[in-house]
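Listed below, chain by chain, are the residues.
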Amino acid sequence: MRTITYALSLVFIFMLPWEGAVNFPGLGGKASNTIAGLMGLGLAAFWFATIVITGRLRKPGLIHILFLLFVLWNAVSAFWSTNPTRAVAHARTWAQLLVMTLILWDLYTTRTAVLAGLQAYVLGAYVAFGSAAANYLSGKVFYTYYDRFSSGDTNPDGFGFILALGIPIAWHLAASTRTNQNGPLLKLVNYAYIPIAFLGISLSGTRTALIAAIPAMAFGLASLSYLRPFWARIAIFVLLTSAIIALLPYVQTLRSFERFSTIGTELTQGDLNNRTNNWREGLATFTEHPLAGIGSGMYRSQNSLGKVAHNSYISVLVELGLIGFVLFGIILTIAVVQAWRHRSKWNKSFWLCLLLVWSIGASTLTWEYRKTTWLVLILIVASAALTRYRDEAVVPIQRHKSVGQFVRQAKMNELTQGE
């Protein structure tokens, strides 16, 4: 039964990148009327039934305890919120995220499972790109200003960031020995994702996603050093570079691509599309309610624009005060520490890169309560907690005719190990 629950969790992760592409109006709140939301409810019910029948539940970690306190603080904030109903609804979203992290923590106990979860995300990102490409071909523009496209009804900023998060994941999977044991097709799929993500980010016109993609690409280029023989890394580099260059004449004609030329001016002279004004008003509200904040989900009510914070850190600080901000900060710190704990330099670099990409995106997006955020955080912790199960055995070092061969085998072992 746990096998079925695990399979359902992979389907759930696969749906996350394109959850905004399919909605079901009239079925309740925002979290439950997306296809991923409905799948999540089904997964939670099946997981609970599995626990009852099997009597097995992995002991929650420190991150879950802190997350529980964070969820409770969100719920308690309804007492001083000017809109208790909204605060309670927002706290319910946080509670759903807590259940999601418990499910993934309980199910993802091997390196094979973690890699499969990451692969499901990349495949889902392909679907998100396909939806955006369909919108482009049909002329369905999300923002007429710079003609920005997205997946379904998802905001282009979120869509671009979803693709950017997939870049280091795709590089990691493409270079991972264990993933490639499933055949060359997945390796090709993961490498092909790189130019696909570039095209999708160009369609979205999301400047933050382009910036976040820089460390992701740096990690990817570094991963090529693990490829053997030497001609393989040259071939991959040339093919991917050629693919991106081949796409340039097409993306350069996109008005959304032209938006990237404003990055320098926006960072030095602009207001980040009115974000700095939004943040200024939010921080002014924080000084009036520094300890407890204004209540969960209430940021919109405290700025003249009526918008969310477009900054995950400021959003938590203003809505939940210093208490909520400290709890959230400790959770993020745990994720960083767990990423650093990986003995394998390869895995450590990957998870830290993924956190860096998320941190960049979270600085201009309100992503603290997005499912993808907590997917990343819990997979980091789950990966760090891995023990060497029988199916995770290290590839034995064979006899080598040279020191160079020994080093190459050691690098391949590093890619195969969970730690």
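Residues numbered from 1 in each chain as written. Predicted model: local features only at pLDDT ≥ 70, side-chain atom pairs only at ≥ 80, totals over all residues. Heavy atoms only, no water.

## Observations regarding the packing of aromatic side chains
Stated precisely, the cut-off is as follows: Stacked, tilted and edge-to-face are the three classes applied to pairs of Phe, Tyr and Trp rings, where Trp contributes its six-membered ring and a pair requires centres within 6.5 Å; stacked means planes under 30 degrees apart, edge-to-face means over 60, and tilted covers the rest. What counts as a helix is a DSSP run of H or I of at least four residues, what counts as a strand is a run of E of at least two, and both are numbered from the N terminus. For every residue, the accessible area (1.4 Å probe, protein chains only) is compared with the maximum for its type, and the residue is labelled buried under 20%, exposed over 50%, or partly exposed between those bounds. Put simply, a charge is over a ring when the Lys NZ or the Arg CZ is close to the ring centre, within 6 Å, and near the line of the ring normal, within 35 degrees.
A complete count under the given rule lists 21 aromatic pairs for this structure. Between Phe-219 and Phe-350, the ring centres sit 5.9 Å apart and the planes meet at 40°, which makes this aromatic pair tilted. With Phe-219 in helix 9 (residues 207–223) and Phe-350 in helix 15 (residues 345–362), this residue pair connects regions lying 131 residues apart in the sequence. Per residue, the accessibility class of Phe-219 equals that of Phe-350, and both read buried. Taking 4.7 Å as the distance between ring centres and 55° as the angle between the ring planes, the aromatic pair formed by Phe-350 and Trp-351 counts as tilted. Judged by its relative accessible area of 0%, Phe-350 falls in the buried class. Three or more aromatic residues joined by ring pairs make a cluster, and in this case those are Phe-67, Phe-70, Trp-94, Phe-328, Tyr-369 and Trp-374. Over the face of the ring belonging to Trp-105 we find Arg-58, whose NZ or CZ atom lies 3.6 Å from the ring centre.

## With respect to unusual backbone geometry
Look at Tyr-146: it is not a glycine, yet its phi comes out positive at around 70°. Take Tyr-146: it is sitting in the loop between helix 5 (111–138) and helix 6 (156–175). Unlike most non-glycine residues, Asp-147 shows phi in positive territory, near 50°. Within the secondary structure, Asp-147 is located in the loop between helix 5 and helix 6. Judged by its relative accessible area of 26%, Asp-147 falls in the partly exposed class.

## Remarks on the packing of helix 5 against helix 8 (residues 184–204)
Note the threshold: Axis geometry follows a simple rule: fit a line to the C-alpha atoms, using only the stretch in contact for helices, then measure angles between N-to-C directions, giving values from 0 to 180 degrees. For classification purposes, an angle smaller than 35 degrees is called roughly parallel, one larger than 145 roughly antiparallel, one from 65 to 115 roughly perpendicular, and anything else oblique. For any pair of crossing helices, the crossing counts as left-handed if the nearer helix is rotated counterclockwise from the farther one by less than a right angle, and right-handed if it is rotated clockwise. Note on contacts: a residue pair qualifies if any of its non-hydrogen atoms lie within 4.5 Å across the two residues.
At their nearest, the axes of helix 5 and helix 8 sit 10 Å apart, and the two run at 40° to each other. Relative to helix 8, the element helix 5 lies oblique. In terms of crossing hand, the pair formed by helix 5 and helix 8 is left-handed. In contact with Gln-119, Val-122, Leu-123, Ala-125, Tyr-126, Phe-129, Ala-133 and Tyr-136 of helix 5, helix 8 contributes Leu-186, Val-189, Asn-190, Ala-192, Tyr-193, Ile-196, Leu-199, Gly-200 and Leu-203.

## Some points on the confidence of the model for the chain
Detail in the predicted coordinates should be disregarded across regions flagged by low pLDDT. The condition that has to hold: Think of pLDDT as the predictor's per-residue confidence, scored from 0 to 100.
Mean pLDDT for the chain: 87, with 88% of residues reaching 70 or above. Low pLDDT, under 50, characterises residues 26–32; the stretch is placed with 9 contacts to residues that sit more than four places away or in other chains. Across residues 388–407, confidence stays below pLDDT 50; counting only partners more than four residues off in sequence or on other chains, it has 28 contacts.

## Here's the deal with the environment of Lys-187
By the secondary structure assignment, Lys-187 is in helix 8. Separated by 16 residues in the primary sequence, Lys-187 and Trp-171 have C-alpha atoms spaced 9.3 Å apart.

## What about the packing of helix 3 (residues 62–76) against helix 14 (residues 312–341)?
Our working rule: Classification used: nonpolar for Ala, Val, Leu, Ile, Met, Phe, Trp, Tyr, Cys and Pro, charged for Asp, Glu, Lys and Arg, polar for all others including Gly.
Running from amino to carboxyl end, helix 3 crosses helix 14 at an angle of 175°, the nearest separation of the two axes being 9 Å. Taken together, the axes of helix 3 and helix 14 lie roughly antiparallel to each other. In contact with Leu-62, Ile-63, Leu-66, Phe-67, Leu-69, Phe-70, Trp-73 and Asn-74 of helix 3, helix 14 contributes Val-316, Leu-320, Ile-323, Gly-324, Leu-327, Phe-328, Ile-330, Ile-331 and Ile-334. Residues of the contact of helix 3 with helix 14, tallied by class, amount to 15 nonpolar, 2 polar and no charged.

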